[in-house]
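Observations on the model geometry
These are the residues of each chain, in order.
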Amino acid sequence: MSLIVKICGLSTPETLEAALAAGADMVGFVFFPPSPRHVGLQTARDLGRQVGGRATKVALSVDADDALLANAIEALQPDILQLHGKETTARLRDIRQKFALPLMKAMAVETRADLAGLPGYAAVADRILFDARAPQGATRPGGLGAAFDWRVLEKLELKLPFMVSGGLNAANVAEAVRLTRAGGVDISSGVERAPGVKDPELIRAFVRAARATEELMT
């Protein structure tokens, strides 16, 4: 089984093209104004057209209301909605009913206790993304370059597809996959030269390193 590689927080044609050319399976676009990776609707529309079916388009939002989600969906035409806030299982059901799109729910992880809500989310979402818990007082829940202890996910029994994120880079992605047996990896700040500024060479290096881990999954 091949590893799913997601490059998140893309915001320019050049860096999107680098991710697509490198062979990323998923490309993520952030609809959350506090983030340095936030894209406006016209930019999202242009980048969505650029993808042209070469990768799965993911629209990331944080505790968004229906109006924001509707605008993001109209502009990007995403394949998946990534919910990266404190959305409840009831909210996930509501979003699924209203927008009829697959859902990826991000869960902030620091200790095993943080997995308590997993069964509820797994019953509603199509995919789970485990991300490092943001520090107290952070203005956004992800994209902070922090990793969590991947051993928290060791021996995880989850029938749903899941991915890991948080503090990944080309040097540590193999260890993350080895410990978690995740079916996918998601990176944002680890392929940037400054907050919100993606580096095409770092994108290429990460995808190469992630692909090299696929033998660990067999």
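Please refer to the structure placed before this passage.
On a predicted model such as this, the values are computed, not experimentally measured, just so you know.

Turning to the overall build of the protein chain, a few remarks are in order. On a plain count of helices and strands, the protein chain comes out with 7 helices and 10 strands. Compactness check: the protein chain gives a C-alpha radius of gyration of 16 Å against a globular reference of 17 Å for 218 residues, within 12% of the reference. Each of the three principal axes of the protein chain carries a C-alpha extent, and together these read 40 × 40 × 35 Å. Looking at the protein chain as a whole, 51% of its 218 residues are labelled buried. Counting every atom, the protein chain has about 9700 Å² of accessible surface; 53% of that belongs to carbon and sulfur. Across the protein chain, the 26 positively charged side chains and the 25 negatively charged ones have centroids separated by 2 Å.

Here we take up the pattern of salt bridges. Two side chains carrying opposite charge are able to pair once their charged atoms lie near each other. Here the structure, examined in full by the defined rule, presents 19 salt bridges. Between Lys98 and Asp94 there is a salt bridge, and its shortest N-O distance comes to 2.8 Å. You can see Lys98 and its partner Asp94 sitting in helix α4 (residues 89-99), 4 residues apart, about one turn around the helix. The partner of Arg208 in a salt bridge is Glu201, and the shortest N-O contact between them spans 3.3 Å.

This next bit is on the packing of helix α1 (residues 13-22) against helix α7 (residues 200-212). Helix packing for two helices is described by the angle between their axes and how far apart those axes are. For the pair α1 and α7, interaxial distance at closest approach is 9 Å and the crossing angle is 20°. In terms of axis orientation, α1 runs roughly parallel to α7. For the crossing formed where α1 meets α7, the hand is right-handed. Each of Thr15, Ala18, Ala19 and Ala22 in α1 lies in contact with α7, whose residues at this interface are Pro200, Ile203, Arg204 and Val207. The residue makeup of the contact of α1 with α7, split by class, is 6 nonpolar, 1 polar and 1 charged.

This part takes up helix α6 (residues 173-180). Residues of α6 that are buried include every one of Val173, Ala176, Val177, Leu179 and Thr180, and no others. Packing partners of the buried residues in α6 comprise β7 (162-165), β8 (184-187) and α7. At the exit of α6 stands Arg181, carrying a positive phi of roughly 55°.

Right, let's talk about the sheet that holds strand β4 (residues 80-83) for a bit. Strand order in this closed barrel of 8 strands is β1-β2-β3-β4-β5-β6-β7-β8, and the pairing throughout is parallel. Each strand of the sheet is rotated relative to its neighbour by a mean of 25°, with strand direction disregarded. Here strand β6 (residues 127-132) pairs with β7 via 3 bridges, running parallel. In the strand pairing of β7, Leu129 is matched with Met163. This element, helix α2 (residues 41-51), spans β2 (26-31) and β3 (56-61) of the sheet and lies at about 175° to β2. Packing of helix α3 (residues 66-76) onto the sheet brings it into contact with β2, β3 and β4, and relative to β3 it is tilted by some 155°.

Once that is clear, we can look at the nonpolar core. Among the nonpolar cores identified, the biggest contains 64 residues, and Ile7, Val27, Phe29, Ile128, Phe130, Val185 and Phe206 are the most heavily contacted of them. Residues contacting Phe29, with those up to four places away along its chain left out, are Leu10, Leu16, Val39, Leu47, Val51, Lys57, Val58, Ala59, Leu60 and Leu76. Core analysis: the second largest hydrophobic core is formed by 7 residues, Met26, Val58, Ala106 and Leu129 among them.

Turning our eyes to something else, we now look at the pairing of β6. Most of β6 sits out of view: 6 of its 6 residues are buried. On β6, burial covers both faces: Arg127, Leu129 and Asp131 on one face and Ile128, Phe130 and Ala132 on the other are all buried.

With that settled, consider the packing of aromatic side chains. Note on aromatic pairs: each is described by the distance of the centres and the angle between the planes. Inspection of every chain in the model, using the stated rule, returns 1 aromatic pair. Measuring from centroid to centroid gives 5.6 Å for Phe130 and Phe162, while their planes differ by 75°, and the two rings are edge-to-face. Of this pair, Phe130 sits in strand β6 while Phe162 is found in strand β7, placing the two residues 32 residues apart along the sequence. Neither Phe130 nor Phe162 differs from the other in exposure class; each is buried.

Criteria and cut-off values
- Residues numbered from 1 in each chain as written.
- Predicted model: local features only at pLDDT ≥ 70, side-chain atom pairs only at ≥ 80, totals over all residues.
- Heavy atoms only, no water.
- Helix = DSSP H or I, 4+ residues; strand = E, 2+ residues; numbered from the N terminus.
- Rg over C-alpha atoms; globule rule 2.2 N^0.38 Å.
- Buried < 20%, exposed > 50% of the residue type's maximum accessible area, 1.4 Å probe, protein only.
- Areas by Shrake-Rupley, 256 points an atom, 1.4 Å probe, with all protein chains shown as cover.
- Lys, Arg positive; Asp, Glu negative; His and termini not counted.
- Charge placed at Lys NZ, Arg CZ, Asp CG, Glu CD.
- Salt bridge = Lys/Arg side-chain N within 4 Å of Asp/Glu carboxyl O.
- Axes fitted to C-alpha atoms, helices over the stretch in contact; angles between N-to-C directions.
- Parallel < 35°, antiparallel > 145°, perpendicular 65-115°, else oblique.
- Left-handed = near helix turned anticlockwise from the far one by under 90°.
- Contact = heavy atoms within 4.5 Å.
- Nonpolar A, V, L, I, M, F, W, Y, C, P; charged D, E, K, R; others polar.
- Pairing = 2+ DSSP bridges.
- Core = buried A, V, L, I, M, F, W, Y, C linked by side-chain atoms within 4.5 Å.
- Phe/Tyr/Trp six-rings, centres within 6.5 Å; stacked < 30°, edge-to-face > 60°.

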